[in-house]
Amino acid sequence: MAIERIIVRSGRPLEGTVSVAGAKNSVLKLMAATLLAEGSYRLDNVPRIVDVDLMAELLRAVGCAVEWDQVRSSLLHIDVPAEISPVAPYDIVERFRASVVVLGPMLARCGEAKVALPGGDDFGPRPIDMHVQGLVELGATVDVVHGYVEASAAELLGGRVVLEFPSVGATENLLMAAVAAKGATVIDNAAREPEISDLCEFLSRMGASIGGVGSSTLSVEGSGSASPLHPADHAVVPDRIVAATHLAALGVASGEVFVAGARHDHMELLCQKLTEMGMVITPDDGGIRAIAPRRLDSVDCSTLPYPGVATDHLPFLVAMMATAAGVGIVTENLFPGRFRYVDELRRMGADIRTDSHHAVVRGVERLSGAPVRAHDIRAGAALAVAGLGAEGTTVVSEAHHVARGYEDLAGDLASLGADVRAE
Ligand code: EPU
């Protein structure tokens, strides 16, 4: 169902169990990785979200067949033909930035790739210079012509790439190119997010040889071409950002919730912050059990690449701090322009001052429900969460952003007893 707005009213404490599906930021890359080898793949634990539909559309545009399983709703079948088109057209790429990760696998498979340059985001410019630089170091020629990144390489050659910053997307594009390069590649200062490890695991199942998984130095023994790689089945790692959303909802509304599927080991620093704020967080059989008091305490925090507090977790921490006791100082180090949700929280009565990539959050006793706008996926979800602690009704418009990364956020929160609906 296409959703336009999420309507939230504060209510009673949350109670019950909610499950977390597979991670958006993993499955989109796994889908891209299938382009490396002809054959049939089965991806399980796939979230039914708009970005997956868009990546499916992109895969179809280059020649693949992508179908949901008739029986198991989280199972996705992908059939990759012997020949794929090495072109990712603008009309699809401009709708979701993650599509740029087809660049590496397309180049590795076809010796060429033409991928429309993704545009900026609602939280600022999102350059791909590190993706391009890394591919050049593996022997590719890369040009930007008429809004397209055009890459070609008769043969990719393994080498050492030191990333200037542990970029998630650049690490993924380079991994997917390196597995088919001739000889060994070392990616230094690689991103270490759990979704990168999930991609490494999937590529290894496809026959790739990758060492250092989970560390910032990945070593890949390239197979010389994509031909030795083969299809594989895989279950997507659970979404640690969706899990954080549920924990934040609990933090705002109070109560006791079990987040089934949530991996405590993938969100340790966040859990540490939530504990400092007064929540009781316990890793439990296949999930996280959490209890939240009536009012939380504020904390200070800064975002950093994994294992730091994720930039995608910050809007939720700020939403919680808006009604927590005390003052918290937060710093956004990854996307300095990512504070637009703060203006919306202010419309709800939050006392937050921003200065460049810092924000000072002075907790107020209660927010007041207001019409607010979702500028991106996490901003929209965080505003819905904040609405749980606001007097009256909060209406989050442009909620189609939220549907890009959440199967049914309103339904999940409602199942815990919150007064939330989407329309
Ligand atoms: N950067 C460059 N040049 C590059 C690549 C990145 O300057 O070539 C900069 C970016 O501008 C940013 C920083 O490096 O300041 C980190 O960007 P990164 O490449 O790590 O992010 P990404 O791959 O574009 C993914 C997630 C984001 C998440 C970030 C950080 C996906 C599809 N997206 O983006 O998730 O915030 O990593 O962890 O995996 C979301 O899910 O809502 C979302 C935005």
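Small disclaimer: the values here were computed from a predicted structure and weren't measured.

### Notes on the pattern of salt bridges
Charged atoms that come close allow side chains of opposite charge to pair.
Point 1. Per the stated rule, a full pass over the model turns up 20 salt bridges.
Point 2. For arginine 160, the salt bridge identified is with aspartate 188, shortest N-O distance 3.0 Å. Within this pair, whereas arginine 160 is found in strand β10 (residues 160–162), its partner aspartate 188 is found in strand β11 (residues 182–188), the two being separated by 28 residues in sequence.
Point 3. The exposure class assigned to arginine 160 is exposed, which follows from its relative accessible area of 56%.
Point 4. A salt bridge links aspartate 312 to arginine 378, with the nearest nitrogen and oxygen atoms 3.9 Å apart. In this pair, aspartate 312 is assigned in the loop between β18 (301–302) and α10 (314–321) and arginine 378 in helix α12 (residues 377–387), connecting sequence segments 66 residues apart. Taken as a pair, aspartate 312 and arginine 378 share a single burial class, namely buried.

### Describing the site of the ligand
Point 1. In the neighbourhood of the ligand, 23 residues make up the surrounding shell, with Lys29, Asp129, Met130, Ser167 and Leu334 lying closest.
Point 2. Take lysine 29: an N or O atom from its side chain is 2.6 Å from an oxygen atom of the ligand.
Point 3. Measuring from an oxygen atom of the ligand, one finds a backbone N or O atom of valine 168 at 2.7 Å.
Point 4. Out of a free accessible area of 830 Å², the ligand has 87% covered by protein chains.
Point 5. Among the secondary structure elements, those contributing two or more residues to the shell around the ligand are α1 (24–33), α5 (129–137), α6 (168–178) and α12.
Point 6. Considered class by class, the residues forming the shell around the ligand number 11 nonpolar, five polar and seven charged.

So, how was this worked out
Residues numbered from 1 in each chain as written. Predicted model: local features only at pLDDT ≥ 70, side-chain atom pairs only at ≥ 80, totals over all residues. Heavy atoms only, no water. Salt bridge = Lys/Arg side-chain N within 4 Å of Asp/Glu carboxyl O. Helix = DSSP H or I, 4+ residues; strand = E, 2+ residues; numbered from the N terminus. Buried < 20%, exposed > 50% of the residue type's maximum accessible area, 1.4 Å probe, protein only. Near = heavy atom within 4 Å. Polar contact = N/O pair within 3.5 Å; in protein donor to acceptor, adjacent residues only side chain to side chain. Areas by Shrake-Rupley, 256 points an atom, 1.4 Å probe, with all protein chains shown as cover. Nonpolar A, V, L, I, M, F, W, Y, C, P; charged D, E, K, R; others polar.

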